[in-house]
Amino acid sequence: MFFLNFLQNIYIFIFSKKIFHFLNKIILHLSLKSLGYKNHGSFFVTGEAFVINKIKKFGINLSLDIGAHQGSYTKLLLEKTNSNVIAFEPFDENCNKIAKMNKKNLSRLIIKKIALSDRRKSKKIYFFDKKSQLSSFSEKIKNFSYNKNKKLNFTKIKTDTLDNHIKRDLKKFNYKIDFIKIDTEGHEYEVILGAQNI
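Just so we're clear, the structure is a prediction, and the values are computed from it rather than from any experiment.

Draft legend 1. View of the pattern of salt bridges. Under the defined criterion, the tally for this structure stands at 6 salt bridges. Residue Asp-169 pairs with Lys-112 through a salt bridge whose shortest N-O separation is 2.7 Å. On the criterion of sequence distance, the pair formed by Asp-169 in helix H8 (residues 167–172) and Lys-112 in strand S3 (residues 109–112) is long-range, its members being 57 residues apart. Here the two residues Asp-169 and Lys-112 agree in accessibility, since each one is buried. Taking the shortest distance from any N to any O, the salt bridge between Asp-118 and Arg-119 comes out at 3.3 Å. In this structure Asp-118 comes out as partly exposed when scored by relative accessible area, which is 23%. According to the relative accessible area criterion, Arg-119 is partly exposed, its value standing at 44%.

Here is the structure:
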């Protein structure tokens, strides 16, 4: 403990000077990245490519991409595994982008224009731009510091449960789901509540 305090005091004495401000910002940025913060945008950096490479040896046949956005994760699954993919995404523009991005593998892809939840209903979804990864059923997304000056929009969309929405598709794939990715901006729990019978 003494050594740590001593080291801390020396560091503060030397690097608290204004000339080192930029260097401290770089060190902070790299430290946060190494701890797993702010690692979005790259499947290599987030470790998701590593996970897909590990699970492909199990011969996955059917994967679900819930909250598929514009299809990057769907593309990763289709290119790195032999899995069929069912992608769930509520916005038309993004569904079109998923199809376009994965046109080489359309025979292994089903795109469902629906938001999954814990029940079937019509619900407001909030967004700043339909192309943005940040859309949510919670209006509180406007409170994030990086959204302060952006205009919050909403639209009503239909939700359904995974249990209701996948019955027909499961017959096609022998009733077996091998891998599920859920990225629904804080709505993951409700998605799982709607998937009790799969």
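Draft legend 2. Quick look at unusual backbone geometry. Look at His-69: it is not a glycine, yet its phi comes out positive at around 55°. Following the sequence through the fold, His-69 ends up in the loop between strand S1 (62–66) and helix H5 (72–80). Overall, the relative accessible area of 17% leaves His-69 in the buried class. Within the chain, Glu-185 stands out as a residue other than glycine whose phi angle is a positive 50°. As for its placement among the helices and strands, Glu-185 is situated in the loop between strand S8 (179–182) and helix H9 (188–193).

Draft legend 3. Looking closely at the environment of Ala-87. Residue position: Ala-87 is located in strand S2 (residues 84–88). Sequence spacing of Ala-87 and Arg-108 is 21 residues, and the spatial spacing of their C-alpha atoms is 11 Å. Aside from chain neighbours lying at most four places away, what touches Ala-87 is Asp-65, Ala-68, Thr-74, Ile-98, Leu-109, Ile-110, Ile-111 and Lys-112.

Draft legend 4. Region of interest: the sheet that holds strand S5 (residues 121–127). One open sheet holds the 4 strands; their spatial order is S4-S7-S5-S6, and the pairing between them is mixed. Of all strands in the sheet, those with a lone pairing partner are strand S4 (115–116) and strand S6 (135–136), marking the two edges. Pairing geometry for S5 and S6, over 2 bridges, is antiparallel. The residue bridging Tyr-126 from the neighbouring strand is Ser-136, located in S6.

Draft legend 5. The environment of Leu-62, seen in detail. Here Leu-62 shows up in strand S1. On a C-alpha basis, the gap between Leu-62 and Lys-176 in space is 7.1 Å, while along the polypeptide they are 114 residues apart. Ignoring sequence-local partners within four residues, the contact set of Leu-62 consists of Ser-83, Asn-84, Ile-86, Leu-170, Phe-173, Lys-176, Ile-177, Asp-178 and Phe-179.

Draft legend 6. Fine view of a nonpolar patch on the surface. Together, Phe-2, Phe-3, Phe-6, Leu-7, Ile-10, Phe-13 and Ile-14 make up a nonpolar patch on the protein surface, roughly 790 Å² of accessible area in all. Mapped onto the secondary structure, Phe-13 falls in helix H1 (residues 2–15).

Draft legend 7. Spotlight on the sheet that holds S2. Strand order across the open sheet formed by 4 strands is S3-S2-S1-S8, with parallel pairing between neighbours. At either margin of the open sheet sits one strand with a lone partner, and together these are S3 and S8. With strand direction ignored, the average angle separating the axes of adjacent strands in the sheet is 10°. In this structure, S1 lies alongside S8, joined through 4 bridges in parallel fashion. What sits directly across from Leu-64, in S8, is Ile-180.

About the thresholds
- Residues numbered from 1 in each chain as written.
- Predicted model: local features only at pLDDT ≥ 70, side-chain atom pairs only at ≥ 80, totals over all residues.
- Heavy atoms only, no water.
- Salt bridge = Lys/Arg side-chain N within 4 Å of Asp/Glu carboxyl O.
- Helix = DSSP H or I, 4+ residues; strand = E, 2+ residues; numbered from the N terminus.
- Buried < 20%, exposed > 50% of the residue type's maximum accessible area, 1.4 Å probe, protein only.
- Contact = heavy atoms within 4.5 Å.
- Pairing = 2+ DSSP bridges.
- Patch = residues over 30% accessible without salt bridge, like charges linked within 9 Å, V, L, I, M, F, W, Y side chains within 5 Å.
- Areas by Shrake-Rupley, 256 points an atom, 1.4 Å probe, with all protein chains shown as cover.
- Axes fitted to C-alpha atoms, helices over the stretch in contact; angles between N-to-C directions.

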